[in-house]
2 protein chains.
Amino acid sequence: PPGKKVLIVYAHQEPKSLNGSLKRVAVEELSKQGCSVTVSDLYAMQFEPRATRNDIVGCLHNSEEFNYGVEAWEAYKRGGLSSDLIEEQKKVQEADLLIFQFPLYWFSMPAIMKGWMDRVLVQGFAHEFPNCYDSGLLKNKLALFSFTTGGSKEMYAKGGISGDIRYLLWPMQHGIMHFCGVKVLAPHICFAPEYVSEEKRKEMLIAWAQRLKTLWKEEPINCSPEWYFK
Amino acid sequence: PPGKKVLIVYAHQEPKSLNGSLKRVAVEELSKQGCSVTVSDLYAMQFEPRATRNDIVGCLHNSEEFNYGVEAWEAYKRGGLSSDLIEEQKKVQEADLLIFQFPLYWFSMPAIMKGWMDRVLVQGFAHEFPNCYDSGLLKNKLALFSFTTGGSKEMYAKGGISGDIRYLLWPMQHGIMHFCGVKVLAPHICFAPEYVSEEKRKEMLIAWAQRLKTLWKEEPINCSPEWYFK
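Owing to the predicted nature of the structure, the values given are computational and were not obtained by experimental measurement.

1. Notes on the overall build of chain A
The secondary structure content of chain A amounts to seven helices and six strands. Counting from the amino terminus, chain A carries its helices and strands in the arrangement β-α-β-α-α-β-α-β-α-β-β-α-α. Against the compact-globule benchmark of 17 Å for 230 residues, chain A has a radius of gyration of 18 Å, which places it among compact chains. C-alpha atoms of chain A, sized along the principal axes, occupy 55 × 40 × 30 Å. Counting across all 230 residues of chain A, residues that qualify as buried make up 57%. Sequence-distant contacts in chain A: of pairs separated by 6 or more residues, those separated by 24 or more amount to 76%. Where the 27 positive side-chain charges of chain A centre and where its 27 negative ones centre are 5 Å apart.

Below is the structure:
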């Protein structure tokens, strides 16, 4: 609805890919609804995935023994994170909804997107013990994982060779988003687009646009082990 | 035992960290046994985690629409992958055992190590349909995930707030290693080393060295949903 802010974190190298199209469809549909949409196009930004000393501007809290988590936390508090991280945190802070759009790489997100999680969601900003899970610092936000797979729906069925697709959503949805207090909408999964017809791929885009029309009425999933492993 | 080859893929920024010590202990103990040990120290190598066009030397198979998986596969077949990848693949090919040593970041490995998986284990080298899972191309190798956590053992218990630690091992052990045919040894987990005494941390190092003494007699886990979600 008008006024809602959406951040799409997008990780695909090729604008002409199905992931590229899914991202475009989301920008168009959500903009049409009056949402304000921001895209972090990670490959285009050449986003840095490595968590290193470069993320800390100025002196270290402990220069004898580098502890990334502690240093990022301390740097966050004094405004001393590198500018690319501050920029991403601003986008997250303003967003009501985070959409992660990517091709599944090895049962997870591509490294460039994992690096976004590792570096952007620092302690102090996204969580700060005991403010985690339901009381995480990003509560009142929503997240949605939208991705394509190489394997087929049958492979990712319960009892299939790759196991229920929900098994692999646990680290991303519960371990990251829920930990930060973010509520999780049902994932949007396009199975094996490389092995279907152009016609079927078009239907995938239409289905995504269709879902987005009523997205704001959706209830979050119950992000507990039962949802994943029942 | 003498003659066995081990590759340690190591992802920590600080040599003085517990991860750094665990890595050193493994090099020492395995070398003492007569193994030949190689370490890929990812941060020191400034290993590139991003899967991009730069990984392909020369012309693309399809320059109209970049598909990383297809391009890496084609490049592998004609010897056209970038030299850093060829180097890592050589190490993997020679190894009998792969040890992954890292701090758990967001229920998974740090992005720099995820990038190693994304970029090194390309189709044609590590798997090639239908050669996946038990018939993956890296069969007859072993893998072991050795990592430290921020959360405590209680948080990662079944029924604990972060869920059974085995839940998060599924993508790494089954989704990556088993998919490539690699047999998986039980993980080695040091829970919350930052919150225990120096004495306790020393015991963690001793326990690791101790386990390594009889590692070659261990049986792999049964890498099926039962092990993870029973």
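2. Remarks on empty space enclosed by the protein
With the rule as written, the count across this model stands at one cavity of 30 Å³ or more. Its boundaries defined by the atoms lining it, the largest cavity holds a volume of some 130 Å³. Forming the boundary of the largest cavity are 18 residues, of which Ser108 and Pro171 of chain A together with Phe107, Ser108 and Pro171 of chain B lie nearest the centre. Among the secondary structure elements, those contributing two or more residues to the lining of the largest cavity are helix H5 (165–177) of chain A together with helix H5 (165–177) of chain B. Residue composition of the lining of the largest cavity, by class: 14 nonpolar, two polar and two charged.

3. Considerations on the UniProt feature "domain: Flavodoxin-like fold" (unreviewed entry) in chain A
Here the UniProt-annotated "domain: Flavodoxin-like fold" (unreviewed entry) positions come out as residues 4–212 of chain A. Between the end C-alpha atoms of residues 4–212 of chain A there is a gap of 13 Å, over a span that is 36% helix and 15% strand.

4. Brief notes about the pattern of salt bridges
Summed over all chains, the structure comprises 22 salt bridges over all chains. Here Arg119 of chain A makes a salt bridge to Asp55 of chain A, at a shortest N to O gap of 2.8 Å. With Arg119 of chain A in helix H4 (residues 111–120) and Asp55 of chain A in the loop between strand S2 (36–41) and helix H2 (68–77), this pair connects stretches of sequence that are 64 residues apart. Each of the two residues, Arg119 of chain A as well as Asp55 of chain A, counts as buried. The partner of Glu29 of chain B in a salt bridge is Lys32 of chain B, with the nearest N and O atoms 3.8 Å apart. Highlighted residues: Glu29 of chain B and Lys32 of chain B, both in helix H1 (residues 18–32), separated by three residues, approximately one helical turn. Judged by relative accessible area, Glu29 of chain B falls into the buried class, the value being 7%. Judged by relative accessible area, which is 66%, Lys32 of chain B ranks as exposed. Linked through salt bridges whose partners overlap, the residues forming this network are Glu29, Lys32 and Lys213 of chain A.

5. Considerations on the side chain of His188 of chain A
Position of His188 of chain A among the secondary structure elements: in strand S6 (residues 188–190). Reaching out from His188 of chain A, the side chain makes a polar contact with the side chain of Arg211 of chain A at a distance of 3.3 Å.

6. A short note on the interface of chain B and chain A
With 49 residues of chain B at the contact, the number on the chain A side is 49 residues. Here chain B meets chain A over a buried area of about 4100 Å², counting both sides, of which 63% is carbon and sulfur. Between the two partners, chain B and chain A, sit zero salt bridges. Our enumeration of links across chain B and chain A arrives at 24 residue pairs in polar contact (both at pLDDT 80 or more). Of the residues forming the side of chain B that touches chain A, the biggest block, seven residues, is contributed by H5 of chain B. In terms of residue class, the side of chain B that touches chain A is built from 27 nonpolar, 13 polar and nine charged.

7. Quick look at the relation of the copies chain B and chain A
Both copies of the chain are tied together by a single rotation about an axis and a shift running along it. Superposition record for chain B on chain A: RMSD 0.0 Å, screw rotation 180 degrees, translation along axis 0.0 Å. Such a combination of rotation and displacement between the chain copies is what one expects of a two-fold axis. In terms of proximity to the rotation axis, the leading residue of chain B is Ala111 of chain B, whose C-alpha is 2.5 Å off the axis. Mapped onto chain A, 100% of the interface residues of chain B are again interface residues, and the two copies thus contact each other with one and the same surface.

8. Describing helix H3 (residues 83–94) of chain B
Residues and elements named next belong to chain B. End to end, H3 covers 17 Å across 12 residues, agreeing with the expected 16 Å (1.5 Å per residue, within 8%). Among the residues of H3, those classed as buried are Leu85, Glu88, Gln89, Lys91 and Val92. Buried residues along H3 cover an arc of 160 degrees about the axis, so they all sit on one side. For H3, the elements touching its buried residues are strand S1 (5–10), strand S2 (36–41), helix H2 (68–77), strand S3 (97–103) and helix H4 (111–120).

9. What about the packing of H1 of chain B against helix H6 (residues 198–213) of chain B?
Residues and elements named next belong to chain B. At a minimum axis distance of 9 Å, the contact between H1 and H6 shows a crossing angle of 30 degrees. Here H1 is positioned roughly parallel relative to H6, judged by the angle of their axes. Here H1 and H6 pass one another in a crossing that is right-handed. On H6, the residues that touch Leu18, Ser21, Leu22, Val25, Ala26, Glu29, Leu30 and Lys32 of H1 are Arg201, Met204, Leu205, Trp208, Ala209, Leu212 and Lys213. Here the residues of the contact of H1 with H6 are counted per class, giving 10 nonpolar, one polar and four charged.

10. Concerning the pairing of S2 of chain A
Residues and elements named next belong to chain A. With six bridges joining them, strand S1 (residues 5–10) and S2 adopt parallel strand pairing. Counterpart to Tyr10 in the pairing with S2 is Asp41. In terms of handedness, the path from S1 via helix H1 (residues 18–32) over to S2 forms a crossover that is right-handed.

11. Considering the side chain of Lys23 of chain B
Residues and elements named next belong to chain B. Topologically, Lys23 is positioned in helix H1. Despite being buried, Lys23 has no salt bridge partner; Asp41 is the closest side chain of opposite charge, sitting 4.8 Å away. With residues up to four places along the chain from it excluded, the contact list for Lys23 reads Ile8, Tyr10, Val39 and Gln101.

What counts and how
- Residues numbered from 1 in each chain as written.
- Chains lettered and ligands numbered in written order.
- Predicted model: local features only at pLDDT ≥ 70, side-chain atom pairs only at ≥ 80, totals over all residues.
- Heavy atoms only, no water.
- Helix = DSSP H or I, 4+ residues; strand = E, 2+ residues; numbered from the N terminus.
- Rg over C-alpha atoms; globule rule 2.2 N^0.38 Å.
- Buried < 20%, exposed > 50% of the residue type's maximum accessible area, 1.4 Å probe, protein only.
- Contact = heavy atoms within 4.5 Å.
- Lys, Arg positive; Asp, Glu negative; His and termini not counted.
- Charge placed at Lys NZ, Arg CZ, Asp CG, Glu CD.
- 1 Å grid on protein atoms, 1.4 Å probe; cavity = no way out; pocket = protein on both sides within 12 Å on 5 of 7 lines; lining within 4 Å.
- Points joined across faces, edges and corners; volume = space filled by probe spheres on them.
- Nonpolar A, V, L, I, M, F, W, Y, C, P; charged D, E, K, R; others polar.
- UniProt positions renumbered as here; feature names shortened; annotations may be inferred.
- Salt bridge = Lys/Arg side-chain N within 4 Å of Asp/Glu carboxyl O.
- Polar contact = N/O pair within 3.5 Å; in protein donor to acceptor, adjacent residues only side chain to side chain.
- Buried area = accessible area lost by both parts, 1.4 Å probe.
- Least-squares fit on C-alpha atoms with pLDDT ≥ 70 in both.
- Expected span 1.5 Å × (residues − 1).
- Arc of directions from axis to C-beta.
- Axes fitted to C-alpha atoms, helices over the stretch in contact; angles between N-to-C directions.
- Parallel < 35°, antiparallel > 145°, perpendicular 65-115°, else oblique.
- Left-handed = near helix turned anticlockwise from the far one by under 90°.
- Pairing = 2+ DSSP bridges.
- Right-handed = clockwise from strand over helix to strand, strands pointing away.

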